Amino acid sequence: MARYGMLIDLTLCAQCSACTVACEALYGLPAGESGVHLRSFETGRFPAVQRITLPVQCMHCQEPPCVQVCPTGATYRDPATGTVQMDYERCVGCRYCMTACPYGARQFDEAQGTVAKCVFCTSRVEQGLQPACVETCIGQARLFGNLGDPTSEVSRAIAERKAVPLHPELGTQPSVFYVF
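First things first, this report covers the structure right here in the doc. (Residues numbered from 1 in each chain as written. Predicted model: local features only at pLDDT ≥ 70, side-chain atom pairs only at ≥ 80, totals over all residues. Heavy atoms only, no water.)

1. Details of the pattern of salt bridges
Between side chains of opposite charge, a pair can form as their charged atoms come close.
(1) Moving on: Scanning the entire structure with this criterion turns up 2 salt bridges.
(2) Moving on: The shortest N-O distance in the salt bridge between Asp 9 and Arg 161 comes to 3.0 Å. Taken together, the residues span a long stretch of sequence, with Asp 9 in strand β1 (residues 4-9) and Arg 161 in the loop between α6 (153-160) and β9 (164-165) at a distance of 152 residues.
(3) Moving on: Among the ionic pairs, Arg 124 bridges to Glu 135, the shortest N-O distance being 2.7 Å. Taken together, the positions of Arg 124 in helix α4 (residues 122-126) and Glu 135 in helix α5 (residues 132-136) put the pair 11 residues apart, joining distant regions of the chain. (Salt bridge = Lys/Arg side-chain N within 4 Å of Asp/Glu carboxyl O. Helix = DSSP H or I, 4+ residues; strand = E, 2+ residues; numbered from the N terminus.)

Encoded structure:
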């Protein structure tokens, strides 16, 4: 069984927003409603202050709080891929999943009346393609693959680059890892 995941190496990220634009274009989303959100924050102390831009998307957690609170089963964990998916026909737009997600990775789609999120481009992956954000990354900062295979490129890169998930203390076991 696969467990799809992603590495985002911020030392290679050009902060060009190609990942967000690719997501918007693929799914026909209005500008600014991508499955990838760029968050900027400052770190350090004066005078050594640094501004970091962090691409945040669904972490495809292995213990996803969003799945636990969904009253209709619209949000579910796909056992074949280890990803968190959406059945938009079942979503009633209650937004419980938005509240439960500790990463703020979901957004309400006003036009559809449902909650949207990154689905790791499952339709592309099923065709042997990479997710749109990975394919368009000009800095090659993103790697996607099977975390369940320790010999996969993404698994080896996570180990070699000492990548870490966001907020591991939450116990959600994210499938997106970062190199800072």
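Now, onward.
2. Considerations on α6
(1) Moving on: For α6, the complete set of buried residues consists of Val 154, Ser 155, Ala 157 and Ile 158. Axial view of α6: buried residues confined to an arc of 165 degrees, hence all on one face. Facing away from the buried surface of α6 by more than 90 degrees, the exposed residues are Glu 153, Ala 159 and Glu 160.
(2) Moving on: Residues of α6 that are buried in the fold lie against β1, β8 (142-146) and β10 (176-179). (Buried < 20%, exposed > 50% of the residue type's maximum accessible area, 1.4 Å probe, protein only. Arc of directions from axis to C-beta. Contact = heavy atoms within 4.5 Å.)

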